[in-house]
Amino acid sequence: MRRTNILSISLVIILTLSACSGLSKKGVGNQQVIVTVTPAAPTVNDFATQQFTAKVTGSANTAVTWQVNGVAGGSQATGFVSSAGLFVAPGAVPTKSDGKGNSIPTTVTVTAVSQASASASNFATVTIVPQNQNVQSGAIKLGSSGGNAKDSSTNGTKITCCGGTLGSLLTRNGAQFILSNNHVFAGSDSALVGDLIIQPGLIDNPKPNTCTTAGTTTVANLTQFFNLETGPTPKVDAAIAQVVNNTVVDPGGNIFYLGATATNGIPDPGAPHAGSGLAATVGMQVAKSGRTTGLTCSSVLATTTASTVQYQKGCGTGATFSVSYTNLVDVLGGNFSAEGDSGSLIVTQNTADPVALLFAGSDQDTVGNPISAVLNSGAFLGAGNAVPSFVGSATPHAVIGCTLPVKLAGAMQTLAATAVASEKLQQATVTRDAHAPELLSHPEVQAVGVGASFDNPAEAAILFFVTKGQPRTNIPAQVDGIRTRIIEGDLFASRGALSVEESAALEKSAAPTQLVYAISEAEVARAKVVHTAHVEELLKRPGVQGVGISSSVDSPGEAALMIFLIRGVAHDPIPPVIDGLRTRVRESSRFRAGFGGAVPHRACSLPVRNNAKTGSTATPSKH
C-alpha cells in the first residue's frame with residue numbers, strides 16, 4: 001500500500017512477529033529483582049484493549065512503570081498503557097521502513113520497568129491487526145481485504161498470493177459496483193473482464209496451507225478498468241466490479257471504521273457521504289480505512305502532483321512499466337498506508353466526503369487519484385454516459401475514529417529544525433549582515449537571525465522574527481540565493497541581528513512549526529501558473545520524481561512548489577524561488593504501486609505440491 005514506499009500496493013504481507021520475552025534480573029542489595037510480563041506475545045485488534053500483568057520478585061516493592069516502545073504511558077502512534085497495565089491499541093497499525101523504500105506493518109513492545117530497580121524490566125511484543133482482514137459474516141463491509149480470485153503466481157516451487165482493499169461502493173444506472181485499483185482488481189492490465197472478485201483476498205485466505213479461493217466469498221465480477229498502459233491522459237489507477245447481488249455486499253456502502261459513532265471504543269462502520277466527492281485541498285484533514293493498516297488519519301500535503309509511478313504486471317511476476325500521472329493527491333506520512341491498502345477510499349475527516357483513491361506511495365507519503373478524475377474517466381461511464389456516484393449517507397458526518405483514543409485529528413503535526421552544515425550557516429550569516437539594515441527596516445520585524453530552512457532542511461535560512469498579526473510588508477523569499485523563514489510571536493526577548501545560538505534560543509519561544517498549512521485559493525492559483533510553466537522541465541531533472549503544489553513552512557500562508565526528490569539520487573540544486581514562488585523539497589523512496597514480485601517478503605512464499613484442480617497446492621508460510 002503505501003506504496004513506493006509504501007504505497008498502496010496490491011501485494012500484501014501479514015507479519016506475525018513473535019516476542020522474545022525473557023526474564024530481566026537485577027540485583028538490589030543481596031536480592032535479585034526479576035520482572036515477568038504476561039501475556040508475552042498477544043495479537044490485538046486496532047482500537048481494542050489488552051490487559052497486561054507484571055510480576056516482580058526479589059523486592060518488597062512490586063510496583064512497575066509501564067511503557068510502549070520506550071515511552072512512559074505510550075503515544076498516539078503506538079498505543080497507550082495505563083499505570084495498571086491496560087493497553088489501548090492504536091487505530092492504525094504501526095509501520096516501519098523495510099529498508100527498501102516501503103512501509104510495512106510492525107509490532108510494538110509493552111514494557112514493565114521495576115520501580116525498585118530501573119534496570120530490571122521485561123516486555124511483551126504486541127501485533128496489531130485490523131478487523132478488516134478477516135472473513136466476514138453477513139453483508140460484506142468495504143475497506144476490507146479483497147482482490148481478484150486469480151491474483152497469484154507460481155515460480156518454480158513457490159506460489160505468491162496477492163490482495164488489496166475493497167475500497168467503496170458505487171452506483172450507476174441502478175447497478176452497484178465495488179471501486180478499487182486496476183492493480184488490485186485487474187492485475188495492472190493483465191486480468192479479464194468477468195474475473196471473480198473475492199473477500200478476503202487470496203493473501204488472507206482463511207484456510208490453512210492454501211492459496212486458493214476456498215473459504216472466501218465471491219462479491220463481484222470485474223466489469224471495467226482504466227488501462228494503465230494504453231489509456232488516455234489523465235491516467236487513473238482504478239477498476240470497478242459489479243456486485244453479484246445486493247445482499248452479498250452491504251447495500252449501504254458501509255466501510256470499516258468510518259462511522260460517526262463507536263461501540264466499546266471501536267469506531268462503527270460507516271458509509272462515505274453519498275455523491276461525487278470533493279476536491280482535495282492543501283492542509284485538508286483526511287482519513288482512510290485499508291486492509292493492512294486499518295484506519296489512518298492525516299493531512300493533504302500536496303495537490304496537482306505530477307509524477308511517474310512504477311508497476312509490475314500480475315502478482316509478483318511479469319514485466320514492469322511506468323505510468324505518468326498529472327494530478328495526484330499527496331497525503332502526508334509514510335504511516336498513512338502500507339502494502340495492501342491499495343484501493344482504499346480517502347475521505348475528509350469532518351464530513352466523510354470522498355477525495356481520492358489511494359494507489360501508491362513512498363516511505364514518506366501516500367498518493368491517490370482525485371475522485372473527480374476517477375468517476376469521470378471515460379472507462380467507467382455507463383449507458384447514456386452515466387457517471388458513477390458513491391453509495392453512502394445522505395448527510396455528511398465526522399469520522400469519529402480520528403478522535404480515538406485521543407483526538408488525533410486535532411493533534412498538530414509539527415517539526416523541528418535540523419542540523420545544517422556550519423559553512424552554510426556562515427554563508428547565511430554573511431548575507432544577513434550585508435543586508436541587515438534593510439531587513440530590519442520592515443515594521444513587523446523585531447529581529448533577524450540565522451538557522452535552518454524548513455522548506456529545504458539541507459539549507460540555511462535567514463530568520464525573520466515578526467510580530468504576530470501585523471501586516472506583512474513584502475519580506476523577501478530569498479536574499480542573494482539564501483532562503484528566508486518567517487517566525488511569528490507577540491514579543492520576542494531579543495532585537496536586532498542575532499547569532500545562530502541566539503536565533504535558536506529565540507525560536508524556542510515561538511509556536512511550533514506545522515508540516516502543512518492551509519493556503520488560500522489565490523495562493524493556489526498563483527502556484528498553478530508556476531507549476532504549469534515549469535513542471536515538465538523539472539520532471540526531466542535527475543533525481544526529481546514529482547512536482548506538486550503545497551504550502552510553504554518557511555512562510556505559513558504562502559503556497560510553495562513541492563519538488564519530490566528520490567533519496568540517494570544526485571540532483572541539481574533546487575532554487576529557493578521560481579518565478580516568485582517559494583520551492584519546497586520532499587525526499588523519499590520512489591513512488592511505486594502494485595510492485596513487489598521481485599521482493600519475496602512482500603508475499604506468501606509457499607511450497608507447491610500437485611493438486612488435481614490447479615496443478616499445485618500451497619502451504620502458506622506467511623512472513
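Residues numbered from 1 in each chain as written. Predicted model: local features only at pLDDT ≥ 70, side-chain atom pairs only at ≥ 80, totals over all residues. Heavy atoms only, no water.

Things to note about the overall build of the protein chain
Argument step 1. When its secondary structure is counted, the protein chain shows five helices and 45 strands.
Argument step 2. In the protein chain, 67% of the contacts between residues at least 6 apart in sequence involve partners at least 24 apart.
Argument step 3. Just so you have it, the protein chain exposes about 23200 Å², and 53% of that area is on carbon and sulfur atoms. (Helix = DSSP H or I, 4+ residues; strand = E, 2+ residues; numbered from the N terminus. Contact = heavy atoms within 4.5 Å. Areas by Shrake-Rupley, 256 points an atom, 1.4 Å probe, with all protein chains shown as cover.)

Here we look at the sheet that holds strand β9 (residues 79–81)
Adjacent strands of a sheet form backbone hydrogen bonds with each other and so pair up, either parallel or antiparallel.
Argument step 1. Read across the sheet, four strands follow the order β4-β10-β9-β8 without closing on themselves; strand pairing throughout is antiparallel. Strands at the two margins of the open sheet, each flanked by one partner only, are β4 (49–51) and β8 (74–75).
Argument step 2. Bridging between β9 and strand β10 (residues 86–88) involves two bridges; their strand directions are antiparallel. Counted as the bridge partner of phenylalanine 80 is valine 88 from β10. (Pairing = 2+ DSSP bridges.)

Regarding the state of the cysteines
Argument step 1. Going through the model one piece at a time under the given rule, you end up with three disulfides.
Argument step 2. The partner cysteine of cysteine 162 in its disulfide is cysteine 315, sulfur to sulfur 1.8 Å. Linking cysteine 162 and cysteine 315, the disulfide has an S-S dihedral of approximately 80° and is accordingly described as right-handed. Within this pair, whereas cysteine 162 is found in the loop between β17 (158–161) and β18 (164–166), its partner cysteine 315 is found in the loop between β27 (294–312) and β28 (320–332), the two being separated by 153 residues in sequence. (Disulfide = S-S within 2.5 Å.)

Some words on the environment of asparagine 148
Argument step 1. When you line up the elements, asparagine 148 lands in strand β15 (residues 144–148).
Argument step 2. Counting along the chain gives 37 residues from asparagine 148 to phenylalanine 185, while the straight-line C-alpha distance between them is 5.1 Å.
Argument step 3. Ignoring anything within four residues of it in the chain, the contact list for asparagine 148 reads Val184, Phe185, Ala191, Asp195, Leu196, Ile197 and Leu202.
Argument step 4. At a separation of 2.8 Å, a polar atom in the side chain of asparagine 148 contacts the main-chain amide nitrogen of lysine 150. (Polar contact = N/O pair within 3.5 Å; in protein donor to acceptor, adjacent residues only side chain to side chain.)

What to know about the environment of alanine 447
Argument step 1. Looking at the secondary structure, you find alanine 447 in strand β34 (residues 445–452).
Argument step 2. Note on alanine 447: relative accessible area 0%, which makes it buried.
Argument step 3. A sequence separation of 48 residues divides alanine 447 from arginine 495, and the C-alpha atoms of the two residues are 4.7 Å apart.
Argument step 4. The contacts of alanine 447, once residues within four sequence positions are left out, are Leu440, Leu463, Phe464, Phe465, Ser494, Arg495, Gly496, Leu498 and Leu506. (Buried < 20%, exposed > 50% of the residue type's maximum accessible area, 1.4 Å probe, protein only.)

Some details on the nonpolar core
Argument step 1. Within the largest apolar cluster, 48 residues are counted, with the highest numbers of intra-cluster contacts made by Ile178, Phe185 and Val219.
Argument step 2. At the level of elements, β19 (168–172), β20 (175–180), α1 (182–185), β22 (217–225), β23 (239–243), β29 (345–348) and α2 (371–375) are the ones that each hand at least two residues to this core.
Argument step 3. If we skip the residues at most four places from it in the chain, phenylalanine 185 touches Gly147, Asn148, Leu166, Ile178, Leu179, Ser180, Ala191, Ile197, Leu222, Ala239 and Ala241.
Argument step 4. In this structure, Val323, Val367, Leu561 and Leu565 belong to the second largest nonpolar core, which totals 37 residues. (Core = buried A, V, L, I, M, F, W, Y, C linked by side-chain atoms within 4.5 Å.)

Focus on helix α5 (residues 521–539)
The periodicity of an α-helix, 3.6 residues per turn, causes residues three or four places apart in sequence to face the same way.
Argument step 1. With 19 residues, α5 ought to run about 27 Å at 1.5 Å a step, and its terminal C-alpha atoms sit 25 Å apart, in line with that.
Argument step 2. Three or more residues of α5 are buried, namely Glu523, Ala527, Val530, His531, His534, Val535 and Leu538.
Argument step 3. Buried-residue contacts for α5 involve β27, β40 (544–551), β41 (559–566), β42 (577–578) and β43 (581–588). (Expected span 1.5 Å × (residues − 1).)

Regarding the sheet that holds β15
Argument step 1. Strands sit in the order β18-β15-β21-β22-β23-β20-β19-β32 across an open sheet of eight strands; the sheet is antiparallel. Looking at the sheet topology across the chains shown, the edges are occupied by β18 and β32 (389–390).
Argument step 2. Where β15 meets β18, three bridges bridge the pair, whose relative direction is antiparallel. The residue bridging glycine 146 from the neighbouring strand is glycine 164, located in β18.

Section: unusual backbone geometry
Argument step 1. Following glutamine 199, the chain continues into proline 200 via a peptide bond in cis, with omega recorded as -10°.
Argument step 2. By the element assignment, proline 200 lies in the loop between β21 (196–199) and β22.
Argument step 3. Between threonine 233 and the following residue, proline 234, the backbone shows a cis peptide bond with an omega angle of 0°.
Argument step 4. With respect to the helices and strands, the residue proline 234 is situated in the loop between β22 and β23.
Argument step 5. Of note, the phi angle at asparagine 173 is positive, near 50°, even though the residue is not glycine.
Argument step 6. Examined against the element boundaries, asparagine 173 turns out to sit in the loop between β19 and β20.
Argument step 7. Of note, tyrosine 257 is a non-glycine position whose phi angle comes to about 70°, a positive value.
Argument step 8. Tracing the sequence through the fold places tyrosine 257 in the loop between β23 and β24 (262–263).

A word on helix α3 (residues 422–440)
Argument step 1. Bending of α3 peaks at approximately 55° at the position of alanine 434, with proline proline 437 no more than four residues after it.
Argument step 2. Listing the buried residues of α3 in full gives Leu425, Ala428, Thr429, Thr431, Arg432, His435, Ala436 and Leu439.
Argument step 3. Close packing links the buried residues of α3 with β34, β35 (460–467), β36 (478–479), β37 (482–489), β38 (496–497) and α4 (500–507). (Bend = angle between axes of the 7 residues up to and from the residue.)

Overview of the pattern of salt bridges
Argument step 1. Under the definition given, this model contains 15 salt bridges.
Argument step 2. Between glutamate 558 and arginine 526 there is a salt bridge, with its nearest N and O atoms 3.9 Å apart. Placement of the pair is glutamate 558 in the loop between β40 and β41 and arginine 526 in helix α5, with a sequence separation of 32 residues.
Argument step 3. Several salt bridges share partner residues, and in doing so they unite Glu523, Arg526, Glu558 and Arg582 into one network. (Salt bridge = Lys/Arg side-chain N within 4 Å of Asp/Glu carboxyl O.)

Quick word on the environment of alanine 63
Argument step 1. Its location among the elements puts alanine 63 in the loop between β5 (53–57) and β6 (64–68).
Argument step 2. Assessed through its relative accessible area of 31%, alanine 63 is described here as partly exposed.
Argument step 3. Each C-alpha atom of the pair alanine 63 and valine 113 lies 8.5 Å from the other, and the pair is 50 residues apart in sequence.
Argument step 4. Those residues in contact with alanine 63 that lie beyond four places of it in its chain are Val113, Ser114 and Gln115.

A few points about the side chain of glutamate 523
Argument step 1. In this fold, glutamate 523 is placed in helix α5.
Argument step 2. Its relative accessible area of 15% is what places glutamate 523 among the buried residues.
Argument step 3. A polar contact of 2.9 Å, which involves the side chain of glutamate 523, links it to the side chain of arginine 526.
Argument step 4. Of the polar contacts made by the side chain of glutamate 523, one reaches the backbone nitrogen of alanine 559; its length is 2.7 Å.
Argument step 5. The residues touching glutamate 523, leaving out its near neighbours within four places in the chain, are Gly557, Glu558 and Ala559.

Side note on the packing of aromatic side chains
Argument step 1. Throughout the structure, instances matching the rule amount to eight aromatic pairs.
Argument step 2. Considering the side-chain rings of tyrosine 325 and phenylalanine 359, the 4.9 Å spacing of their centres and the 45° angle between planes classify their relative orientation as tilted. Placement of tyrosine 325 in strand β28 and of phenylalanine 359 in strand β30 (residues 354–361) is noted, with a sequence separation of 34 residues between them. Accessibility assignment for this pair places tyrosine 325 and phenylalanine 359 in one class, buried.
Argument step 3. When the ring of phenylalanine 465 is compared with that of phenylalanine 492, the centres are 5.2 Å apart and the planes differ by 70°; the resulting orientation is edge-to-face. In this pair, phenylalanine 465 sits in strand β35 while phenylalanine 492 sits in the loop between β37 and β38, placing the two residues 27 residues apart along the sequence.
Argument step 4. Assessed through its relative accessible area of 4%, phenylalanine 492 is described here as buried. (Phe/Tyr/Trp six-rings, centres within 6.5 Å; stacked < 30°, edge-to-face > 60°.)

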